[in-house]
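Remarks on the overall topology
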Amino acid sequence: MKNLNTLSIDKTEKFWKYGVFGLWMALLAHAMFSVFFYIYGVYEMAVFNIFSILAFAICIYLAKVKKYGNILNISYIEVTLHTVLATYFVGINSGFYYYLFVLVIVSLIVKQKSINAHIVKSLLYVGMFFVLELVFLNALPVYVIDSETLFTIRVLNLFGLLLFSVPF
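Cut-offs and rules
Residues numbered from 1 in each chain as written. Predicted model: local features only at pLDDT ≥ 70, side-chain atom pairs only at ≥ 80, totals over all residues. Heavy atoms only, no water. Helix = DSSP H or I, 4+ residues; strand = E, 2+ residues; numbered from the N terminus. Buried < 20%, exposed > 50% of the residue type's maximum accessible area, 1.4 Å probe, protein only. Contact = heavy atoms within 4.5 Å. Areas by Shrake-Rupley, 256 points an atom, 1.4 Å probe, with all protein chains shown as cover. Lys, Arg positive; Asp, Glu negative; His and termini not counted. Charge placed at Lys NZ, Arg CZ, Asp CG, Glu CD. Core = buried A, V, L, I, M, F, W, Y, C linked by side-chain atoms within 4.5 Å.

Right, let's get into the overall build of the protein chain. Secondary structure summary: the protein chain contains 6 helices and 0 strands in total. For the C-alpha atoms alone, the extent of the protein chain along its principal axes is close to 50 × 30 × 20 Å. Looking at the protein chain as a whole, 45% of its 168 residues qualify as buried. Summarising the internal contacts of the protein chain: among those between residues at least 6 apart in sequence, 72% fall at separations of at least 24. For the protein chain, the accessible area works out to roughly 9600 Å², and carbon and sulfur atoms hold 72% of it. Distance between charge centroids for the protein chain: 20 Å, based on 11 positive and 7 negative side chains.

Okay, here's the thing in structure tokens:
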């Protein structure tokens, strides 16, 4: 695993070419999430995903103008909020919290101020994963979605996690 702290500018820009692919995937995923949540009447999340689409469109623009730090900040905030809100509204069995592992990976490999920042951010997201698991394991979601649909969404979210992880 390469750390961008030790890479040249050329390699940083090469990394972000892959990163832009991930941003496009995130934008498209949130477009699909918005439709899913709308169909199932989870209107709060349908609207939130419109803002997510906008956030990732801004990130794609920021990559074009090489404002990489801003991309990370927006992405960390969006993925964290989406994870917590989706888990709250439709439950832990939806698997939306799996995306925290993308943040763990990004925290480990993308340039940080120090090695401690890498470790702290990664541990924060791993800890958040387990906190969500514990808090929502027996909690009833705000919106009840049938178990077959939740299973399908969980599998798709797991597939999405794996797909997002490939470029890294």
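So, about the side chain of threonine 149. Among the structural elements, threonine 149 can be located in helix α6 (residues 147-165). Looking at threonine 149, the relative accessible area reads 14%, which means it is buried. Those residues in contact with threonine 149 that lie beyond four places of it in its chain are Phe36 and Tyr40.

A word on the nonpolar core. Formed by 49 residues in total, the largest nonpolar core has its most connected members in Phe37, Ile71 and Phe96. At the level of elements, α1 (9-39), α2 (43-64), α3 (68-90), α4 (100-109), α5 (115-136) and α6 are the ones that each hand at least two residues to this core. With 10 residues, the single largest contributor to this core is α1. Beyond its immediate stretch of four places on either side in the chain, isoleucine 71 contacts Trp16, Leu23, Cys59, Leu62 and Ala63.

Right, let's get into α4. For α4, a buried count of 7 out of 10 residues is recorded, marking the element as mostly surrounded by other parts of the structure. Taken as a whole, α4 has its buried residues at Leu100, Val102, Leu103, Val104, Val106, Ser107 and Ile109.

By themselves, these figures tell us nothing about what the structure is for.
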